[in-house]
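Next come the chains, spelled out residue by residue.
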Amino acid sequence: MKVIVCGAGLVGTTIARQLATEGNEVTVIDLSAERTHKVAESYDLRGIVGHASHPDVLEQAGAADSDMLIAVTFADEVNMVACEVAHALFNVPTKIARVRAQSYLKPEWSDLFNEKHISIDYIISPEIEVARAIHRRILTPGAFDMIPFADDKLRLIGVRLGEECPVLNTPLRQLTELFPDLGINICGINRNGNMIVPDADDHMEVADEIYFCTLPDHVLRAMRLFGHEEREARRIVISGGGNIGLFLAREIEETQPSVMLKMIESNKARAEFIAGQLKNAVVLNGDALDMDILNEAKAGSAEAIIALTNDDEVNILTSLLAKRAGSQRAITLVNNPAYENLIGSLGVDVVVNPRSTTVSSILQHVRRGRIRGVYSLRDGAAEVMEAEAVETSALVGQPLRELDLPAGMMIGAIIRGEEVIIARSDSEIEAGDRIILFVRKDAVKKVEKLFAVRLEFF
């Protein structure tokens, strides 16, 4: 597949790297010669310095025979124009644009993005996606990640194991025997930076980060099994009143009206604006690194501090100060990937990376075959996919234990109509089933082939 990526920032570089390592033909366009050359040399792809929305630059990038254009520059308008030029002049089949400004995304302007006006096939809004991802973590105390599937009939949850976990060093095959009525399936283990797709003889160790599938009704029992009995937050402090903070505050007010919410914003005009947008939240104007402000917000008695400013260092320090004051849980927005693996040891409970969330949104439109959804984990080390099995698939019609699955892939659950089946060795896949897969990055291409529609299907 030939793909043009407009923008060599963190998101553009990550998606270009991921697509290039999977064997796609990738061209990156960016105004910065330094960024362009760096990404081209690092990942053995083509780089072009220029304006991503200019027709001559897109022509040079090979737009005439490209399959997809992904526009993730820093400017919404450049992203939109690049997609329109790619459509009008080069007939690029699939166009994806990142749009940050919420004004463009209001329901009353929904007709803006179509073939008659600005031809964009898929809009990615990072702020909304990130806010929703954070809210899911709030609703699952003790988890560092939670991904719903099938209209929340199934959840994939990530938890970090401590010494209090009662099933450490227990072979995974014994969990089903010990807890036969508990619907869980451990799909992945991140151990010392290595992503493992476990088999039945593997076990869990202290400090492992595990990913498991479960049913919503089984979440509390499963969390207790892994040593987590945290309560849902009733007092929350948000530091940072940007688009992410405001959208998250609205989500909390609408879905958790009993939560006592306070927000800290350093800009006075922005703080006044936010206060007018929220119904019940208390908005404080001040610096979140000022202990007087944190004390006024009662951060020390809050179940959760959520740090969402544009400065990684401020977010980390705010979280640590609040934790030291007594806050039970810290959720921290971090853009720099170098910090992500370091700050967990400092006491930060959940790290949210906007880049990973945006990349996940893009990948679900990139994956081939009957891939319905994609979520990227640990900077692309693994993916969770929702895929549809067609009649000609090699997966259909035999027990899972008899399938010759690619190394690095596990079937976590099967969704059949309204029924959700936690995958076991004797489970069988039927045509039309949706399957939740945990896939290590080196197995992604093999999985796409498994779910490709063969010619004999038609």
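These numbers come from a predicted model, not from an experiment.

Some remarks on the environment of Ile305
Inference 1: With respect to the element layout, Ile305 can be found in strand 15 (residues 304–307).
Inference 2: On the accessibility criterion, Ile305 (0% relative accessible area) is buried.
Inference 3: Considered as a pair, Ile305 and His365 are 60 residues apart in the sequence and their alpha carbons are 33 Å apart.
Inference 4: What Ile305 contacts, discounting residues up to four positions off in sequence, is Val237, Thr318, Ser319, Ala322, Ser327, Arg329, Ala330 and Ile331.

Overview of the packing of aromatic side chains
Inference 1: By the definition in use, this model includes three aromatic pairs.
Inference 2: Between the aromatic rings of Phe144 and Tyr211, the centroid separation amounts to 5.6 Å while the plane-to-plane angle is 85°, which identifies the pairing as edge-to-face. In this pair, Phe144 sits in strand 7 (residues 143–149) while Tyr211 sits in strand 11 (residues 209–214), placing the two residues 67 residues apart along the sequence.
Inference 3: Residue Phe144 is classed as buried on the basis of its relative accessible area of 9%.
Inference 4: A centroid spacing of 5.7 Å and a plane angle of 40° characterise the contact between Tyr211 and Phe438, whose relative ring orientation is tilted. One end of the pair, Tyr211, is in strand 11; the other, Phe438, is in strand 22 (residues 434–440), with 227 residues separating them in the sequence.

With respect to unusual backbone geometry
Most peptide bonds adopt trans geometry, and most residues besides glycine take a negative phi value.
Inference 1: Of note in this structure, Ala150 is not a glycine but carries a positive phi near 50°.
Inference 2: Summarising the element assignment, Ala150 is placed in the loop between strand 7 and strand 8 (154–160).
Inference 3: The phi dihedral of Asn169 falls on the positive side, at around 65°, and the residue is not glycine.
Inference 4: Look at Asn169 and you get exposed, because its relative accessible area is 54%.

With respect to the packing of helix 5 (residues 126–138) against helix 13 (residues 354–366)
Inference 1: Two elements in contact, helix 5 and helix 13, have axes whose closest approach is 9 Å; the angle formed by their N-to-C orientations is 110°. In this view, helix 5 runs roughly perpendicular relative to helix 13, as classed from their interaxial angle. Of the residues in helix 13, those in contact with Pro126, Glu129, Val130 and Ala133 of helix 5 are Pro354, Thr357, Thr358 and Ser361.
Inference 2: Taken together, the residues of the contact of helix 5 with helix 13 sort by class into four nonpolar, three polar and one charged.

Things to note about helix 11 (residues 312–325)
Inference 1: With 14 residues, helix 11 extends 20 Å from end C-alpha to end C-alpha; this agrees with the ideal 20 Å at 1.5 Å per step.
Inference 2: Along helix 11, the residues that are buried comprise Asp312, Asn315, Ile316, Thr318, Ser319 and Ala322. The buried side chains of helix 11 occupy one side of the element, clustering within an arc of 165° when seen end-on.
Inference 3: Looking at the buried positions of helix 11, the neighbouring elements they touch are strand 12 (235–239), helix 10 (291–296), strand 15, strand 16 (330–333) and helix 12 (337–340).
Inference 4: Measuring from the side-chain oxygen of the N-cap residue of helix 11 to the backbone nitrogen of Glu313 gives 2.9 Å; that N-cap residue is Asp311.
Inference 5: Gly326 occupies a position one or two residues after helix 11 and carries a positive phi of about 130°.

Re helix 4 (residues 76–90)
Inference 1: End to end, helix 4 covers 21 Å across 15 residues, agreeing with the expected 21 Å (1.5 Å per residue, within 8%).
Inference 2: Buried residues along helix 4 sit in contact with strand 1 (2–6), helix 3 (55–60), strand 4 (68–71) and strand 5 (94–98).
Inference 3: Phi turns positive one or two residues past the end of helix 4, at Asn91, with a value near 55°.

Topic: the pairing of strand 9 (residues 184–191)
Inference 1: Most of strand 9 sits out of view: eight of its eight residues are buried.
Inference 2: With six bridges joining them, strand 9 and strand 11 adopt antiparallel strand pairing. Bridge assignment links Ile184 to a residue of strand 11, and that residue is Thr214.
Inference 3: Bridge count for strand 9 against strand 10 (residues 194–196) is three bridges, and the pairing is antiparallel. When the sheet's bridge partners are listed, Ile189 is paired in strand 10 with Ile196.
Inference 4: Between strand 9 and strand 10, which pair antiparallel and follow one another directly, the connecting turn spans two residues, one of which, Asn192, has a positive phi of 55°.

Some thoughts on the UniProt feature "domain: RCK C-terminal" (unreviewed entry) in the protein
Inference 1: When the UniProt feature table is mapped onto this chain numbering, "domain: RCK C-terminal" (unreviewed entry) sits at residues 144–229 and 372–453.
Inference 2: Helix makes up 16% of residues 144–229 and strand 35%, and the two end C-alpha atoms of the span are 14 Å apart.

Examining the environment of Ile128
Inference 1: Within the fold, Ile128 resides in helix 5.
Inference 2: Under the relative-accessibility criterion, Ile128 is labelled buried at 14%.
Inference 3: Along the chain, Ile128 and Leu321 lie 193 residues apart, while their C-alpha atoms are 27 Å from each other.
Inference 4: For Ile128, the contacting residues outside a window of four places in its chain are Gln102, Leu105 and Phe247.

Criteria and cut-off values
Residues numbered from 1 in each chain as written. Predicted model: local features only at pLDDT ≥ 70, side-chain atom pairs only at ≥ 80, totals over all residues. Heavy atoms only, no water. Helix = DSSP H or I, 4+ residues; strand = E, 2+ residues; numbered from the N terminus. Buried < 20%, exposed > 50% of the residue type's maximum accessible area, 1.4 Å probe, protein only. Contact = heavy atoms within 4.5 Å. Phe/Tyr/Trp six-rings, centres within 6.5 Å; stacked < 30°, edge-to-face > 60°. Axes fitted to C-alpha atoms, helices over the stretch in contact; angles between N-to-C directions. Parallel < 35°, antiparallel > 145°, perpendicular 65-115°, else oblique. Nonpolar A, V, L, I, M, F, W, Y, C, P; charged D, E, K, R; others polar. Expected span 1.5 Å × (residues − 1). Arc of directions from axis to C-beta. Polar contact = N/O pair within 3.5 Å; in protein donor to acceptor, adjacent residues only side chain to side chain. Pairing = 2+ DSSP bridges. UniProt positions renumbered as here; feature names shortened; annotations may be inferred.

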